[in-house]
Amino acid sequence: MPGRLTKKGLIVLDRDGVINHDSDQFVKSPAEWLPIAGSIAAIATLSKAGYTVAISSNQSGLARGLFDRRALRAMHRKLRKLVAAEGGRVDRIVVCPHGPNDGCSCRKPKPGLLLRLARHYGIELRGVPTIGDSLRDLQAARTVGARPILVRTGNGIDTELSLPENLHDVEVFDDLAAAAAMLASV
Ligand SMILES: [Mg+2]
Ligand SMILES: [Zn+2]
């Protein structure tokens, strides 16, 4: 059964460095999953504005054996609960569990996770706002004709400083709260 979209349609968020603080040691448990200030309220803002919020996330820590599916589910329960407490909703979370050398088609910058969401909702990805802090998030979005948006949290400042030619036109915001405020206002 295809997923149902709310009136403003789909928005896709990266997780680490956009919603929660990223870590070089990987985020391995709910205790380590700590939201960036304003990000939970920002998701609620998007929900209330009529967006269906999905998350697409590379989680190579699974392939590396640093945490398991159960820990990942627990992290996402925490995320969803915090968002729900602010009156918002995360509709769907898609994850690449593979490592960088597994040759999968879902690890960003590959567009597999976005394509999975497109199949689920039965939509085209053209123009779908896709928010990330890393180059690979923007590349995945660009590959499928979505609308790449960069935030300066996580790796975002480094990413902004090293944007390749074909991504010089991406929209950039200080954080998810600022991006959400703009998207909710139009
Ligand atoms: Mg990230
Ligand atoms: Zn993958």
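Everything numeric here is computed off the predicted structure, so don't read it as measured data.

K.L.:
Explain the sheet that holds strand β5 (residues 147-151) to me, please; I cannot follow it from the model alone.
P.N.:
Two pairing modes exist for strands in a sheet, parallel and antiparallel, and in both the strands are linked by backbone hydrogen bonds. Pairing in this open sheet of six strands is parallel, and the strands run β3-β2-β1-β4-β5-β6 from one edge to the other. Unpaired on one side and paired on the other, β3 (90-96) and β6 (171-173) mark the two borders of the sheet. Averaged over all pairs of adjacent strands, the angle between strand axes in this sheet comes to 25°, irrespective of strand direction. Here strand β1 (residues 9-13) runs beside strand β2 (residues 51-58); their pairing, made up of five bridges, is parallel. Bridged to G9 within β2 is Y51. Contacting β2 and β3, helix α3 (residues 69-85) runs over the sheet at an angle of about 155° to β3. Along the sheet, helix α7 (residues 176-185) makes contact with β1, β2, β4 (129-132), β5 and β6, crossing β5 at roughly 140°.

K.L.:
Would you mind showing me how to read the environment of P97 here?
P.N.:
Secondary-structure assignment places P97 in the loop between β3 and α4 (112-121). Note on P97: relative accessible area 18%, which makes it buried. With 28 residues separating them in the primary sequence, P97 and R69 have C-alpha atoms 9.0 Å apart. Among all residues touching P97, those that are not within four sequence positions of it are Q59, S60, L62, A63 and R69.

Each value, and the rule that gives it
Residues numbered from 1 in each chain as written. Chains lettered and ligands numbered in written order. Predicted model: local features only at pLDDT ≥ 70, side-chain atom pairs only at ≥ 80, totals over all residues. Heavy atoms only, no water. Pairing = 2+ DSSP bridges. Helix = DSSP H or I, 4+ residues; strand = E, 2+ residues; numbered from the N terminus. Axes fitted to C-alpha atoms, helices over the stretch in contact; angles between N-to-C directions. Contact = heavy atoms within 4.5 Å. Buried < 20%, exposed > 50% of the residue type's maximum accessible area, 1.4 Å probe, protein only.

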